[in-house]
Amino acid sequence: MNLQELAGKIAADKNSKKLGKIIKIEKIQDQKTKIWKEMILILVHNIFRKDVVILVDAEKLLQAEVTYALFDLEKEDFEQEVRETRALMRLYKE
């Protein structure tokens, strides 16, 4: 499957729990190794909080269905990444 076809699908963890919506797939250079990787950008939308975009490595994709894309992630680990990203956004906002 072409990774560009994932845009617009709903991202879910390996237990089929919703993570967010896939908005884009980009090649991004890793800061440490300087290697270009395919990254999937997932938009996490919450009514009472700011939206945040989380990067997920394309290698974590397990399966793509009609409306869902399943990733080799746990919902709790993903939520921890969302919390850390929101904390960084607050830090740099000031």
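Residues numbered from 1 in each chain as written. Predicted model: local features only at pLDDT ≥ 70, side-chain atom pairs only at ≥ 80, totals over all residues. Heavy atoms only, no water.

**A few points about the nonpolar core**
The criterion, for reference: Definition of nonpolar core: a set of buried residues of the types Ala, Val, Leu, Ile, Met, Phe, Trp, Tyr and Cys, connected through side-chain atoms within 4.5 Å. Summary of the burial criterion: residues with accessible area below 20% of their type's maximum are buried, those above 50% are exposed, and those between are partly exposed, where the area comes from a 1.4 Å probe applied to protein chains only. The way it works is that DSSP assigns letters per residue, a run of H or I at least four long becomes a helix, a run of E at least two long becomes a strand, and they are numbered from the N terminus. The contact criterion used is simple: two residues touch if any of their non-hydrogen atoms lie within 4.5 Å.
I22, I40, I42, I54, V56, F71 and F78 are the most contacted members of the largest nonpolar core, which has 17 residues in total. Listed by contribution, the elements that provide at least two residues to this core are β2 (18–29), β3 (36–44), β4 (52–57), β6 (68–71) and α1 (75–93). Not counting residues up to four positions away in its chain, the partners in contact with I40 are L6, I22, K24, I25, I54, L55, V56, A58 and F71.

**Let's talk about the confidence of the model for the chain**
Caution applies to low-pLDDT parts of the model: their predicted coordinates are not meant to be read in detail. The following threshold applies: The pLDDT value tells you how sure the predictor is about a given residue, anywhere from 0 up to 100.
In this model, the chain carries an average pLDDT of 91, and 98% of its residues clear a pLDDT of 70 or more. Looking at the elements of the chain, mean pLDDT is at its lowest for α1, recorded as 91, and at its highest for strand β1 (residues 10–12), recorded as 95.

**Section: the sheet that holds β3**
Definition in use: Two strands are said to pair when DSSP picks up at least two bridges between them. The convention used is that axes are lines fitted to C-alpha atoms, helices contributing only their stretch in contact, and that angles between N-to-C directions extend from 0 to 180 degrees.
Across the sheet, six strands lie side by side as β4-β3-β2-β1-β6-β5; this open sheet has mixed pairing. In this open sheet, the two edge strands, each paired with only one partner strand, are β4 and β5 (61–64). Strand-to-strand twist of the sheet, defined as the mean angle between neighbouring strand axes without regard to direction, takes the value 40°. Bridge count for β2 against β3 is eight bridges, and the pairing is antiparallel. When the sheet's bridge partners are listed, I22 is paired in β3 with I42.

**Some remarks on unusual backbone geometry**
One non-glycine residue, S16, adopts positive backbone phi at about 65°. By the secondary structure assignment, S16 is in the loop between β1 and β2. Residue K34 is not a glycine yet carries a positive backbone phi of 60°. Structurally, the position occupied by K34 is in the loop between β2 and β3.

**Describing the pattern of salt bridges**
Under the convention used in this document: Any carboxyl oxygen of Asp or Glu within 4 Å of a side-chain nitrogen of Lys or Arg constitutes a salt bridge here.
The full count for this structure, using the stated rule, is six salt bridges. Here K14 makes a salt bridge to E74, at a shortest N to O gap of 3.5 Å. Note that K14 is positioned in the loop between β1 and β2 and E74 in the loop between β6 and α1, a separation of 60 residues in sequence. Note on K14: relative accessible area 40%, which makes it partly exposed. According to the relative accessible area criterion, E74 is partly exposed, its value standing at 26%. Here E38 and K27 are joined by a salt bridge, their closest N and O atoms 3.9 Å apart.

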